[in-house]
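So the chains spell out like this:
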Amino acid sequence: MKTGFRIFLGAFVALGLSWCGFVLGPALQLGTQGQTTVLNSSDIYPNQRPGDATLGLQVYRASGCAACHTTQVGQDGVVCDVVLTSKGSNPSAVESLISTLKLTGITTKEDADAVSAKISAAGGKSETHIVPTGPDISRGWGLRHSVAEDFLWDNPVQLGSIRVGPDLANVGLRRDEHWLYVHLYDPRANVTNSIMPSYKYLFTVAQATNQFPSSFDMEPTEDGRNLVAYLLSLRADVALHDAPFSTAPAAAAKK
Amino acid sequence: MSEPVKESLETSDGQKGSTAPAWIFALTLLFLFAGGVYFDHRSGWFDPQVYAPYHSSDELEAYQPKSGAAAMFAEGKKQYGMICAACHGDDGLGKPGQAPPLAGSEWVTTSSFKRVEEIPQLGLTGEVHVGGQAWSLQMAPMGAALSDSDLAAVLTYIRGSWGNKASAVSDTDVKAMRSLVAGHAPISGESGLNAIKE
């Protein structure tokens, strides 16, 4: 009995420690997180996914998409771009200053701040842009690293761990509805070397009065529509306090 | 069979009751110290806001975009919170009996900002209609004491927040407006607002 109690105690401590590490720790760290505001804006982030996209999350889960696709973007570093916006009242002074500045190798915020301080001392105006870097970002898979808020409304969160296919964290930003339908029906139609299996069971033969042209007489089932709605809702394109980057302001982007 | 094995195990140790050499303790302490320093520099102290590649909340703060339009918007949000939010609300929805809403207000989201920029400079008395509802209140010239750039920032903020998507106001716009209306009495109601040329 003495040995039995020791075994129990050992197992309890071992499992308890891993529970603390895998469940309690993350819950204390991120468990109370809620909606936040978009950086330099009053917009709330994230908003709940639309109803069909919320249902599509379960189709994504049932179809095993997370086995081959991740939905998390990594970021290796961050660089600063100093952009001269105005030469001010004494353009020649700013021009001569810039010709003397050593502008290569500016990476840290301190370097960028030093350069913009020199420019403003010479009478010019500059802006410092924050630019995330990393292999995922240079592939166009995202604008910044993924943060916990991106997954606030998802249950279960399907981060994925293997990238047999590309990351889907921002697939809604780079693909449109039609492309996704065609890709799910016949992956090789859009991407010649795709090794994704076809998801033809998400489509049925369209009725005679269908909205599709006769050359493509299949139409998605409700699951298919929901899945595409979910994929289109995957778009983490706003800057947050915990994932800052410089965006063009809405008013300026319109012009 | 088991006897000789046991003996050989005991004797293989060389000496009984030996302690670990001192250098192991020194090395362990050194590793613990190095680990502690690494943790301090790299962990962000488990701050939920700090992700790689940032190492601390201070570093994250340094990389918040703070120049150009972003800085103006941030400054406008700050000034709004200090001055305007008491009556118009943090959500810009206004408060019954205190102030009309700014979110979606037809006076705020105009393409030209000649009217809206004079309201905080001069104040507003009398009846105005906002969102189909009549508001008969008094607003003091709350923005008259602000600098040109701060008032421009507040105006930019209210014109670009809570779903409003109107253009930004620059400090030169505010400066021009101030030289134009200097010494003017508070705007009287909707007719006074409509008298201002857009």
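The structure displayed is predicted, hence computed values, not measured ones. (Residues numbered from 1 in each chain as written. Chains lettered and ligands numbered in written order. Predicted model: local features only at pLDDT ≥ 70, side-chain atom pairs only at ≥ 80, totals over all residues.)

Considering the overall build of chain B
Here's step 1: Summing up its helical and strand segments, chain B has eight helices and three strands in all.
Here's step 2: In sequence order, the secondary structure elements of chain B are arranged as α-α-α-α-α-β-β-α-α-β-α.
Here's step 3: Computed over its C-alpha atoms, the radius of gyration of chain B comes to 33 Å, more than 25% above the 16 Å expected for a compact globule of 198 residues.
Here's step 4: In chain B, buried positions account for 26% of the 198 residues.
Here's step 5: At a minimum sequence separation of 6, the contacts of chain B that also span at least 24 residues come to 56%. (Helix = DSSP H or I, 4+ residues; strand = E, 2+ residues; numbered from the N terminus. Rg over C-alpha atoms; globule rule 2.2 N^0.38 Å. Buried ≥ 20, exposed ≤ 12 C-beta atoms within 10 Å, placed from the backbone. Contact = placed C-beta atoms within 7 Å.)

With respect to the overall build of chain A
Here's step 1: Tallying secondary structure elements over chain A gives ten helices and six strands in all.
Here's step 2: Computed over its C-alpha atoms, the radius of gyration of chain A comes to 25 Å, more than 25% above the 18 Å expected for a compact globule of 255 residues.
Here's step 3: Of the contacts made within chain A by residues no fewer than 6 positions apart, 75% connect residues no fewer than 24 positions apart.

Remarks on unusual backbone geometry
Here's step 1: A cis amide bond links Asn155 of chain A with the next residue in sequence, Pro156 of chain A, at an omega value of 0°.
Here's step 2: At the junction of Ala52 of chain B and Pro53 of chain B, the peptide bond is cis and its omega measures out at 5° in the coordinates.
Here's step 3: Inspection of the secondary structure puts Pro53 of chain B in the loop between α2 (22–42) and α3 (57–62).
Here's step 4: Residue Phe46 of chain B is not a glycine yet carries a positive backbone phi of 60°.
Here's step 5: Tracing the backbone through its elements, the reader meets Phe46 of chain B in the loop between α2 and α3.
Here's step 6: A count of 11 C-beta atoms within 10 Å places Phe46 of chain B in the exposed class.
Here's step 7: Of note in this structure, Trp162 of chain B is not a glycine but carries a positive phi near 50°.
Here's step 8: Checked against the element boundaries, Trp162 of chain B lands in the loop between α6 (148–159) and α7 (171–181).

Notes on the sheet that holds strand β2 (residues 133–139) of chain B
Residues and elements named next belong to chain B.
Here's step 1: Taken in spatial order, the three strands line up as β2-β1-β3 in an open sheet, and their pairing is mixed. Every interior strand has two partners, whereas the edge strands, β2 and β3 (187–188), have only one.
Here's step 2: In the sheet, strand β1 (residues 124–130) pairs with β3 via two bridges, with the strands oriented parallel. Of the residues in β3, the one forming a bridge with Thr125 is Ser188. (Pairing = 2+ DSSP bridges.)

As for the confidence of the model for chain B
Fine structural detail should not be taken from predicted coordinates in areas where pLDDT scores are low.
All names here are of chain B.
Here's step 1: Averaged over all residues, the pLDDT of chain B equals 83, while 91% of them reach at least 70.
Here's step 2: Ranking the helices and strands of chain B by mean pLDDT puts α2 first, with 93, and helix α1 (residues 2–12) last, with 49.
Here's step 3: Considering only residues more than four positions removed or in separate chains, one finds that residues 7–12, a stretch of pLDDT under 50, has zero contacts.
Here's step 4: Here the prediction assigns the complex a pTM of 0.74, and the interface score ipTM is 0.79. (pLDDT = per-residue confidence, 0-100.)

Here's the deal with the interface of chain B and chain A
Here's step 1: In this complex, chain B contributes 22 residues to the contact, which on the side of chain A involves 27 residues.
Here's step 2: Looking at the side of chain B that touches chain A, the elements with two or more residues in it are α3 and α4 (68–88) of chain B.
Here's step 3: When its residues are assigned to classes, the side of chain B that touches chain A shows 14 nonpolar, seven polar and one charged. (Nonpolar A, V, L, I, M, F, W, Y, C, P; charged D, E, K, R; others polar.)

A closer look at helix α7 (residues 177–185) of chain A
All names here are of chain A.
Here's step 1: By the burial criterion, the buried members of α7 are Leu180, Tyr181, His183 and Leu184. The arc that holds the buried residues of α7, viewed along the axis, is 165°, so those residues lie on one side.
Here's step 2: Against the buried residues of α7 lie α8 (187–190), β6 (218–220) and α9 (222–232). (Arc of directions from axis to C-beta.)

Details of the nonpolar core
Here's step 1: Ile119, Ala152, Val154, Leu155, Tyr157, Ile158 and Val169 of chain B are the most contacted members of the largest nonpolar core, which has 26 residues in total.
Here's step 2: Looking at this core, the elements that each hand over two or more residues are α4, α5 (114–122), α6 and α7 of chain B.
Here's step 3: Each residue touching Ile119 of chain B, except ones within four places of it in the same chain, is listed here: Leu124, Met139 and Ile187 of chain B.
Here's step 4: Counting 23 residues, the second largest nonpolar core, distinct from the first, contains Ala53, Tyr181, Leu231 and Leu232 of chain A. (Core = buried A, V, L, I, M, F, W, Y, C linked by C-beta atoms within 7 Å.)

Overview of the confidence of the model for chain A
Here's step 1: Taken residue by residue, chain A gives an average pLDDT of 87. The fraction at 70 or more is 91%.
Here's step 2: Counting interchain partners and residues more than four positions distant, the pLDDT-below-50 stretch residues 249–255 of chain A has nine contacts.

Quick notes on the pairing of strand β4 (residues 125–133) of chain A
The side chains of a regular strand alternate, first on one face of the sheet and then on the other.
Residue and element names in this part refer to chain A.
Here's step 1: Of the two faces of β4, only one is covered, namely that formed by Ser126, Thr128, Ile130 and Pro132; the face formed by Lys125, Glu127, His129, Val131 and Thr133 stays uncovered.
Here's step 2: Sheet topology note: the strand β3 (residues 77–86)/β4 ladder contains nine bridges and is antiparallel. Each residue of the ladder has a partner; that of Asp81, found in β4, is His129.

Digging into the packing of helix α2 (residues 51–62) of chain A against α9 of chain A
Working note: a packed helix pair is described by the angle between its axes plus the distance between those axes.
Residue and element names in this part refer to chain A.
Here's step 1: The geometry of α2 relative to α9 is characterised by a closest axis approach of 7 Å and an angle of 105° between their N-to-C directions. Taken together, the axes of α2 and α9 lie roughly perpendicular to each other. Across the interface between the two elements, Asp52, Ala53, Leu55, Gly56, Leu57, Val59 and Tyr60 of α2 pack against Asp223, Arg225, Asn226, Leu227, Ala229 and Tyr230 of α9.
Here's step 2: Partitioning the contact of α2 with α9 into residue classes produces eight nonpolar, two polar and three charged. (Axes fitted to C-alpha atoms, helices over the stretch in contact; angles between N-to-C directions. Parallel < 35°, antiparallel > 145°, perpendicular 65-115°, else oblique.)

Here we look at the environment of Ser198 of chain A
All names here are of chain A.
Here's step 1: Here Ser198 is to be found in the loop between α8 and β5 (203–205).
Here's step 2: Separated by 157 residues in sequence, Ser198 and Ser41 place their C-alpha atoms 42 Å apart.
Here's step 3: If near-sequence neighbours (up to four positions away) are discounted, Ser198 is found in contact with Tyr185, Asp186 and Pro187.

Description of the domain arrangement of chain B
Here's step 1: Under the domain assignment used here, chain B contains domain 1 (24–64) and domain 2 (68–195).
Here's step 2: A C-alpha centroid distance of 46 Å is found between domain 1 of chain B and domain 2 of chain B. (Domains from an automatic or database assignment.)

Concerning the domain arrangement of chain A
Where the parts come together, the accessible area they lose is often given as the size of the interface.
Here's step 1: Along its sequence, chain A is organised into domain 1 (36–74 + 137–232) and domain 2 (77–133).
Here's step 2: Taking only C-alpha atoms into account, the centre of domain 1 of chain A sits 40 Å from that of domain 2 of chain A.

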